[in-house]
Amino acid sequence: MRQTAVTAFIDQWENRNFYQVTYPEPYIFAHSRHTYIDLDELIDEDYVPNSGGDVLLTITDTDTNLSYNEYRRTDERGKATWDIGRFLQIMMEGTLKDDAEFDYNTNSKMVNRHYIYVGLQYSGVYFFQEYFEVVNGADEPTDNWWDGTRRLHWWYNYPFTFDFRNLDEASIQKNDGAETVGNLPQITPDNYNYSRIRINPHSIAGLWANKVKVTSQAGMGFRYGSFSGTKSNTVVLIGHGCTPNEKDIYLRWLNRHGELNYWLFNRQSLTRKTKATDSQRAYIKDERFAGYGIDNALLRTLTVEGEIKCFTDALDGIDYEIVRQIFTAPFVDLYLPEPSQEMKQAQWQRVHIKAETQTEALRHADKYTYTRQVTITLTLPEEGQLFV
């Protein structure tokens, strides 16, 4: 959160007033718990609180021209608070699906964001006006997003992406070789300050790499709630060269900060469970004879629910923090590597994570110890039936 100084303004009646406002950082995750605009004080020229004054908040999506107004009456201390989080979520509605889709034949894609204006009006005058960039995701005050080095695992024979700021160039190092200044698949034109792109690493590393390091001094990120637009960003991709097969379960999901994460799980078991619901058929004759046999007068509804149990290899603390975000992801997709006759190409299938208890072993564990493992059960779409 940021805070203005105590600032003077002249209202429409030419009266002198003072205000102080606490407001969000310029880059906002729309699905955070709260996004507050706090009018810390509104006082007159004699430093007396303007209690009971009507203050109008205007929030406008400059990309769609969607706008909302909301009044608050200041309390006895000249204070008022707005939580604009729900407005931001409405303005980002429909973009979450777009962020989840990526054509892996392309080099990059712009991550959705909207440019939002917020203004506060008192006595006919907008005394506070600010602009924000809003993206899908949620942030906590203790989160460090893009602060320091991000280490990601890249199974380079599977579809994969990573997010980076929409820059033209970055320092690229492949397989611990010499660092070179390489071109990122930048998207232009771009009039936003803090936009980011979803990158296919094949565009900068080729078909494979055991290790790829991408660094820029012109990055961005959060550290303990404070945003910086001039932060050093480093992404290290650890390459794995496995071939897609039926023994593995490759999943992707949208993590808390709106980035696509990927992980290769080991298949443990497949369970199919049949569910049945019986209902009595009406107006069946007592003898119930039919040409094909005796009718039991029951109509049974049957569905088959499939569950796949899968697990990770041993994880250290860094990888565990990535994988465990799958439990709160808005969606999880299962990769189907074999093209079907109808689809003609590999596809992602939407699945769900079954609610289960996860236990993390902590004995003799630190951030870099491989003592953690994640086991999950995927619930597949139900199969229907024929009725007779």
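Details of the structure are given in the entry above.
Caption draft 1: A look at the overall build of the protein. The helix and strand tally for the protein stands at 4 helices and 26 strands. At 27 Å, the protein has a C-alpha radius of gyration far larger than the 21 Å of a compact globule built from 388 residues. Viewed in the frame of its principal axes, the protein has a C-alpha envelope of about 95 × 75 × 50 Å. Taken over 388 residues, the protein has a buried fraction of 47%. For the protein, the share of sequence-separated contacts (at least 6 apart) that also reach a separation of at least 24 residues comes to 66%. Measuring between centres, the 40 positive side-chain charges of the protein sit 7 Å from its 54 negative side-chain charges.

Caption draft 2: Examining the packing of aromatic side chains more closely. Applying the stated criterion across every chain yields a total of 33 aromatic pairs. Considering the side-chain rings of Tyr104 and Trp348, the 6.3 Å spacing of their centres and the 40 degrees angle between planes classify their relative orientation as tilted. Highlighted residues: Tyr104 in the loop between α2 (95–100) and β9 (108–110) and Trp348 in strand β25 (residues 347–353), separated in sequence by 244 residues. The residues Tyr104 and Trp348 share a single accessibility class, namely buried. Over the face of the ring belonging to Tyr192 we find Arg113, whose NZ or CZ atom lies 3.8 Å from the ring centre.

Caption draft 3: Inspection of the pattern of salt bridges at higher detail. Under the definition given, this model contains 22 salt bridges. Notably, a salt bridge pairs Asp54 with Arg73, separated by 3.1 Å at the nearest N-O pair. Of this pair, Asp54 sits in strand β6 (residues 54–61) while Arg73 sits in strand β7 (residues 66–73), and the two are 19 residues apart along the sequence. With its nearest N and O atoms 3.3 Å apart, the salt bridge here joins Lys211 to Asp176. Pair noted here: Lys211 is in strand β17 (residues 211–223) and Asp176 is in the loop between β14 (169–174) and β15 (180–183), with a separation of 35 residues, a long-range link. Of the residues examined, Lys211 reaches a relative accessible area of 28% and is grouped as partly exposed. Given the relative accessible area of 52%, Asp176 is considered exposed.

Caption draft 4: Quick peek at the pairing of strand β2 (residues 7–10). Note that β2 and strand β3 (residues 16–23) share 4 bridges and pair antiparallel. What sits directly across from Ala8, in β3, is Phe18. Taking the residues that link successive antiparallel strands as the turn, the β2-β3 hairpin has 5 residues, and the phi of Glu14 there is positive, at about 65 degrees.

Caption draft 5: Summary view of the layout of surface pockets. Of the volumes computed, that of the largest pocket is approximately 980 Å³. Lining of the largest pocket is provided by 30 residues; of these, Asn144, Ile318, Glu321, Ile322 and Gln325 occupy positions nearest its centre. Elements with a contribution of two residues or more to the lining of the largest pocket: β12 (148–155), β13 (162–165), β20 (260–280) and α4 (317–323). Looking at the lining of the largest pocket element by element, the count peaks at 5 residues for β12. Considered class by class, the residues forming the lining of the largest pocket number 8 nonpolar, 10 polar and 12 charged.

Caption draft 6: Unusual backbone geometry, seen in detail. Across the junction of Thr188 and Pro189, the peptide omega takes the value -5 degrees, indicating a cis bond. Within the secondary structure, Pro189 is located in the loop between β15 and β16 (196–199). Not every positive phi belongs to a glycine, and Asp176 is a case in point at roughly 60 degrees.

Caption draft 7: Local environment of the side chain of Ser195. Of note, Ser195 is situated in the loop between β15 and β16. Looking at Ser195, its side chain comes within polar contact range of the side chain of Asp190, at 2.2 Å. When neighbours within four sequence positions are excluded, Ser195 is seen to be in contact with Met110, Arg113, Glu133, Arg165, Asn166, Asp190 and Met220.

Caption draft 8: Quick look at the sheet that holds strand β26 (residues 375–379). With antiparallel pairing, the 6 strands of this closed barrel are ordered in space as β19-β20-β23-β26-β25-β24. For this sheet, the mean inter-axis angle between neighbouring strands, taken without regard to orientation, is 45 degrees. Bridging between strand β24 (residues 332–336) and β25 involves 5 bridges; their strand directions are antiparallel. Residue pairing in the sheet places Leu336 in a bridge with Gln347 of β25.

Caption draft 9: Spotlight on empty space enclosed by the protein. Counted under the stated rule, the structure contains 1 cavity of 30 Å³ or more. Roughly 60 Å³ of volume is contained in the largest cavity. In this structure, the largest cavity is lined by Leu152, His153, Phe160, Thr161, Leu260, Asn261, Tyr262, Trp263 and Ile322. If you list the elements that add at least two residues to the lining of the largest cavity, you get β12 and β20. If you tally residues by element for the lining of the largest cavity, the top one is β20, at 4 residues.

Caption draft 10: Looking closely at the pairing of strand β19 (residues 248–254). With 7 of 7 residues buried, β19 lies mostly within the body of the structure. Of the two faces of β19, both are covered, the one formed by Asp248, Tyr250, Arg252 and Leu254 as well as the one formed by Ile249, Leu251 and Trp253. Examined bridge by bridge, β19 and β20 share 7 bridges and lie antiparallel to one another. When the sheet's bridge partners are listed, Leu254 is paired in β20 with Leu260. Here β19 folds back onto β20 in antiparallel fashion, the turn holding 5 residues, of which Gly258 has a positive phi close to 80 degrees. Relative to β24, β19 runs antiparallel, the two being bridged by 3 bridges.

Thresholds applied
Residues numbered from 1 in each chain as written. Predicted model: local features only at pLDDT ≥ 70, side-chain atom pairs only at ≥ 80, totals over all residues. Heavy atoms only, no water. Helix = DSSP H or I, 4+ residues; strand = E, 2+ residues; numbered from the N terminus. Rg over C-alpha atoms; globule rule 2.2 N^0.38 Å. Buried < 20%, exposed > 50% of the residue type's maximum accessible area, 1.4 Å probe, protein only. Contact = heavy atoms within 4.5 Å. Lys, Arg positive; Asp, Glu negative; His and termini not counted. Charge placed at Lys NZ, Arg CZ, Asp CG, Glu CD. Phe/Tyr/Trp six-rings, centres within 6.5 Å; stacked < 30°, edge-to-face > 60°. Lys NZ or Arg CZ within 6 Å of the ring centre and 35° of its normal. Salt bridge = Lys/Arg side-chain N within 4 Å of Asp/Glu carboxyl O. Pairing = 2+ DSSP bridges. 1 Å grid on protein atoms, 1.4 Å probe; cavity = no way out; pocket = protein on both sides within 12 Å on 5 of 7 lines; lining within 4 Å. Points joined across faces, edges and corners; volume = space filled by probe spheres on them. Nonpolar A, V, L, I, M, F, W, Y, C, P; charged D, E, K, R; others polar. Polar contact = N/O pair within 3.5 Å; in protein donor to acceptor, adjacent residues only side chain to side chain. Axes fitted to C-alpha atoms, helices over the stretch in contact; angles between N-to-C directions.

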